Amino acid sequence: YTNDDFLLISTSFGNILRSEDNGKTWSSFNIGATVFDYFDDGDRILASSNLLGIIGSIDKGKSWQIIKQVPIQSKVYKKEDKYFFLGFGNLVYETSSTFEEINRTNLIFPNSKVDYVYSNNDTLLSVGSFSRGVQYSTDLGENWNSYYPYLEQEQVAVSYFRKKDNQVYCKVPYNVYVSTNYGSTFDLFPIFGIYSDLLILDDKVLIYGNSGRLISKDYCKTTELMDTTVLKSNFKISKIAQAMNGDLFAFSTFNGVFKSSDNADSWTKLVDSLPTDTTFASIHYFYEFGGNYYAVNSIPSRIIKSTDKGTTWQQIEIELFNEIQFSSLEMINENNIIISSNGNSLKGFRLSTDQGKNWKQIDNDFTPNPEDLLPIRINGIFGKYIFADGGYAKFKGQGSLFRTSKEKLGITTNVESEIERNYLYTYPPYPNPAKSEVKVLFYWDINIPMITDDISIYDITGKKIDAVDNISLVKQESHYGNLIWDCSSAQPGIYLINIKHGTEEKAVKVVVE
């Protein structure tokens, strides 16, 4: 920082050097944080630091005070009477001169960084590498809402999100948030090291990455090292995937493919190396179609296939991969493949309907204005829609998630029905067995009203029981809530709670003691 009266220099060790004679002599003091940018703001100087957030000085840099301890990745910008800065993941924050109340100017859309979109029981869930919280959509991306306001309020940096049944895991730097009640409450547990992913199994969780492999059997409260008899601790694992039959496959950077048939208790080595110049350095995708396994390697671009449950692998010859380095790839089925690339080679999105023999460009009509955001990576394929996210061409008020349909791209798949179905999903009842009361958390279509008249209860013989006065619906939001059945007067036995909602119908099995 320079002006006519003095100079300021910050160091990576938390020191600020100050000179009033054009650098001939310096005074030094430590503030306990690294300053990476300064900003003149009238009678004060604002500075952005890595640990203290926004700090300020009113005595020409001789002393500094914390103004707002908040994660920040840029200098502070001022426009009229508002102040702006970038938080993690280029998310923009807005505040006043006092910095007391800070508000995000962008949730997930527009102008936010989208790194992953997940599908969970017909709900889309989206996070970014440094996006706060998790957003969800129950209408295939038409509308989005904040799914976990707890994480949003805490301003944590979610790097990935995994969910299975009642378990929710949100990985943040050096920690993991864990919920065992569908995300209603979270506990925070330390996970030190670089772990690229997490796989939820029936009785444990696998955490793996460059820092090794951990197993937790108590929802990450404690962890232990995975068996290293075969899968050595120094082997770098880029992907652990589970096949439909329950077998686990671990893809190592340089040491081959390993298999476990006992839920990761022990491992056997299947393959030493890949066929023809392909390495396991960056396998991040695993698919299973028609009993065949497909593993996708990013660098170099390769798809390998196994027809014998992973024992041997063959490379699928795709000529385009000699010209292109894709940034993402999605296999819709064995024949339909979509790739995207944004490097120095061929750019854009391409589709093959014959397992890579022929390709056509499919992103010609994504954006009418070249200054708008462009889709650069495929996020996922959910139902009839394909999603991609975009980068910044210019800082504009444009959404960064794109959607197209299989039909629009000419992709034909087996469709069970042409009827536009609505959304309905139920979680397992709790407690089960029940003695006096049972609850069922469920989500319904936001466009269709949900009332207790749509809920019926039947005994094991199929006879409808009179339970109208014993059923209540406690809505938590306009599209989800708890169904509560007072079963204290019901005879012990097995019952089915039947929920009808638009085109959908679900039956929940409950045991009454």
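Note that this is a predicted model, so its numbers are computed, not measured.

Colleague: Would you mind showing me how to read the overall build of the chain here?
Modeller: When its secondary structure is counted, the chain shows two helices and 45 strands. Long-range pairs, those at least 24 residues apart, make up 39% of the contacts in the chain between residues at least 6 apart in sequence. Summing over all exposed atoms, the chain offers an accessible surface of approximately 25300 Å²; the carbon and sulfur share of this is 48%.

Colleague: Honestly, the environment of Glu100 in this entry has me stumped. Any pointers?
Modeller: By secondary structure assignment, the location of Glu100 is in the loop between strand S10 (92-95) and strand S11 (103-104). Residue classification places Glu100 among the exposed positions, given a relative accessible area of 64%. Between the C-alpha atoms of Glu100 and Ile67, which are 33 residues apart in sequence, the distance is 8.5 Å. Apart from the residues lying within four places of it in its own chain, the contact partners of Glu100 are Lys68 and Thr95.

Colleague: How do you make sense of the pattern of salt bridges when you look at a structure like this?
Modeller: Any two side chains of opposite charge can pair if their charged atoms end up close together. Tallying each qualifying case throughout the model produces seven salt bridges. Note that Arg18 and Glu20 form a salt bridge whose closest N and O atoms lie 2.6 Å from each other. The salt bridge partner of Asp41 is Arg44, with a shortest N-O separation of 2.7 Å. A relative accessible area of 8% places Asp41 in the buried class.

Colleague: When you look at the packing of aromatic side chains in this model, what are you seeing that I'm missing?
Modeller: Each aromatic ring pair is characterised by the separation of its centres together with the angle its planes make. Within the structure shown, the criterion is met by 17 aromatic pairs. Centroid distance Phe289 to Tyr294: 6.0 Å. Interplanar angle 55 degrees. Geometry classified as tilted. Judged on exposure class, the residue Phe289 and its partner Tyr294 are both buried. In textbook terms, an aromatic cluster arises when at least three aromatic residues are bridged by ring pairs, as seen for Phe249, Phe251, Phe286, Tyr293 and Trp313. Looking at Arg18, its charged tip hangs above the ring of Phe6, at a distance of 4.9 Å from the centre.

Colleague: Even after reading the chapter, I still don't get the sheet that holds strand S24 (residues 237-242), so can you show me in this structure?
Modeller: Pairing between the strands of a sheet is mediated by backbone hydrogen bonds and can be parallel or antiparallel. Across the sheet, which stays open at both edges, the four strands sit in the order S24-S25-S26-S27 with antiparallel pairing between neighbours. Taken across any chain shown, the strands that pair with only one partner, and hence form the sheet edges, are S24 and strand S27 (268-271). For this sheet, the mean angle separating the axes of adjacent strands, direction not counted, is 25 degrees. With four bridges connecting them, strand S25 (residues 248-252) and strand S26 (residues 257-260) associate as antiparallel partners. Note that in S26 the partner of Ala250 across the bridge is Phe258.

Colleague: Any chance you could explain the nonpolar core here in plain terms?
Modeller: One broad trend across soluble globular proteins is that nonpolar side chains are buried collectively. Membership of the largest hydrophobic core comes to 22 residues, with the highest contact counts inside it found for Phe442, Leu483, Trp485, Ile497 and Ile499. Counting residues per element, the ones that place at least two in this core are strand S40 (437-444), strand S41 (455-459), strand S42 (471-477), strand S43 (480-486), strand S44 (493-501) and strand S45 (504-512). Residue contributions to this core peak at four residues, all from S40. In contact with Phe442, other than residues within four places in its own chain, are Leu424, Tyr425, Thr426, Met450, Leu473, His479, Tyr480, Gly481, Asn482, Leu483 and Ile499.

Conventions we followed
Residues numbered from 1 in each chain as written. Predicted model: local features only at pLDDT ≥ 70, side-chain atom pairs only at ≥ 80, totals over all residues. Heavy atoms only, no water. Helix = DSSP H or I, 4+ residues; strand = E, 2+ residues; numbered from the N terminus. Contact = heavy atoms within 4.5 Å. Areas by Shrake-Rupley, 256 points an atom, 1.4 Å probe, with all protein chains shown as cover. Buried < 20%, exposed > 50% of the residue type's maximum accessible area, 1.4 Å probe, protein only. Salt bridge = Lys/Arg side-chain N within 4 Å of Asp/Glu carboxyl O. Phe/Tyr/Trp six-rings, centres within 6.5 Å; stacked < 30°, edge-to-face > 60°. Lys NZ or Arg CZ within 6 Å of the ring centre and 35° of its normal. Pairing = 2+ DSSP bridges. Axes fitted to C-alpha atoms, helices over the stretch in contact; angles between N-to-C directions. Core = buried A, V, L, I, M, F, W, Y, C linked by side-chain atoms within 4.5 Å.

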